[in-house]
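# Architecture at a glance
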Amino acid sequence: MWLYEKKLQYPVRVYNRDLRMAKFLMAQYGGPDSELSAAVRYLTQRYTMPTNKAKGLLTDIGTEELAHWEIIGTMIYRLLQGATPEQLRREGLGSYFALHDQAVYPADANGVPWTAAYIQATGDPVADLHENLAAEQKARATYERLIRLTDDPGVKDTLRFLREREVVHFQRFGEALNDVQEEMARKKIF
Ligand SMILES: [Fe+2]
């Protein structure tokens, strides 16, 4: 079960409305390597991890990714807040407005809706942990590009925090992979 804390894991400060940046941030909201993909991927894969430590790690990181998804959703909402249909149309969000108004819908920066086909759960812990290592690096790289796409110091600050967490997750998945491989060698599970 989860307990909800009515606050963000890291503050969101948006100094100026920026419709284009809202669109770019959708990459991490509903894209293939988004926070949503990360959360669903880890919370799905955890059942078939061979150790309680690895199950616990996937639950922890999956839960944290949901908190990151909330941060990204909040940023998008604030960056769009108060925009007129005309402004949205001018900034390339006309079709988004037609479909969703100012709702924060899980689609990528090109408007492609999120799909579970973005993630894998093979039932093989070594394969799944390798997918997760790659996913963390892809999310880190996406954050680095997003940081370069904004001049807003508040948005940059929050994105830097999220980037840093991807680096920590990558390290923790690396440790989990070593543990799981040792455990499998000990029990001779091949
Ligand atoms: Fe992550």
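Each remark here, short or long, concerns the structure printed above.
Structural notes, computed from the coordinates. (Residues numbered from 1 in each chain as written. Predicted model: local features only at pLDDT ≥ 70, side-chain atom pairs only at ≥ 80, totals over all residues. Heavy atoms only, no water.)

Another aspect to go through is the pattern of salt bridges. Overall, the coordinates contain 14 salt bridges when judged by the stated rule. Between aspartate 33 and lysine 138 there is a salt bridge, with its nearest N and O atoms 3.4 Å apart. A residue pair is termed long-range when its members are at least 10 positions apart, and aspartate 33 in the loop between α1 (19-30) and α2 (35-45) and lysine 138 in helix α6 (residues 125-148) qualify at 105 residues. By relative accessible area, which is 21% here, aspartate 33 ends up partly exposed. Among the salt bridges present, the one from glutamate 131 reaches arginine 41, with a minimum N-O distance of 2.9 Å. (Salt bridge = Lys/Arg side-chain N within 4 Å of Asp/Glu carboxyl O. Helix = DSSP H or I, 4+ residues; strand = E, 2+ residues; numbered from the N terminus. Buried < 20%, exposed > 50% of the residue type's maximum accessible area, 1.4 Å probe, protein only.)

The next subject is the coordination of the iron ion. Any two of four tetrahedral donors ideally make an angle of 109.5 degrees at the metal, while pairs among six octahedral donors ideally make 90 or 180 degrees. Here the iron ion is held by Glu65 (OE), Glu136 (OE), Glu136 (OE), Glu166 (OE) and His169 (ND1), and the distances to it run 2.0 to 2.6 Å. Spacing between the donor residues of the iron ion along their common chain follows E-x70-E-x29-E-x2-H. Placement of glutamate 65 in helix α3 (residues 52-80) and of glutamate 166 in helix α7 (residues 153-187) is noted, with a sequence separation of 101 residues between them. Neither residue differs from the other here; glutamate 65 and glutamate 166 are each classed as buried. (Donors = N, O, S within 2.8 Å, 3.2 Å for Na, K, Ca; no water.)

Distance in space between the C-alpha atoms of aspartate 33 and threonine 59 is 18 Å, their sequence separation being 26 residues. Apart from the residues lying within four places of it in its own chain, the contact partners of aspartate 33 are Gln28, Lys138 and Ala139. Among the polar contacts made by the side chain of aspartate 33, one reaches the side chain of lysine 138 at a distance of 3.4 Å. (Contact = heavy atoms within 4.5 Å. Polar contact = N/O pair within 3.5 Å; in protein donor to acceptor, adjacent residues only side chain to side chain.)

Glancing now at the packing of α6 against α7. Here α6 crosses α7 at 165 degrees, and the two axes come no closer than 9 Å. It follows from the interaxial angle that α6 and α7 lie roughly antiparallel. With respect to the hand of their crossing, α6 and α7 are arranged in left-handed fashion. Its residues assigned to classes, the contact of α6 with α7 shows 17 nonpolar, six polar and seven charged. (Axes fitted to C-alpha atoms, helices over the stretch in contact; angles between N-to-C directions. Parallel < 35°, antiparallel > 145°, perpendicular 65-115°, else oblique. Left-handed = near helix turned anticlockwise from the far one by under 90°. Nonpolar A, V, L, I, M, F, W, Y, C, P; charged D, E, K, R; others polar.)

Right, let's get into α7. Between its first and last C-alpha, α7 extends 51 Å over 35 residues, near the 51 Å set by a 1.5 Å rise per residue. Capping the start of α7, aspartate 152 holds a side-chain oxygen 2.9 Å from the backbone nitrogen of glycine 154, two or three residues further along. Following α7 by one or two positions, lysine 188 adopts a phi angle in the positive range, close to 55 degrees. (Expected span 1.5 Å × (residues − 1).)

Interpretation note: all reported values are geometric properties and have no functional meaning in isolation.
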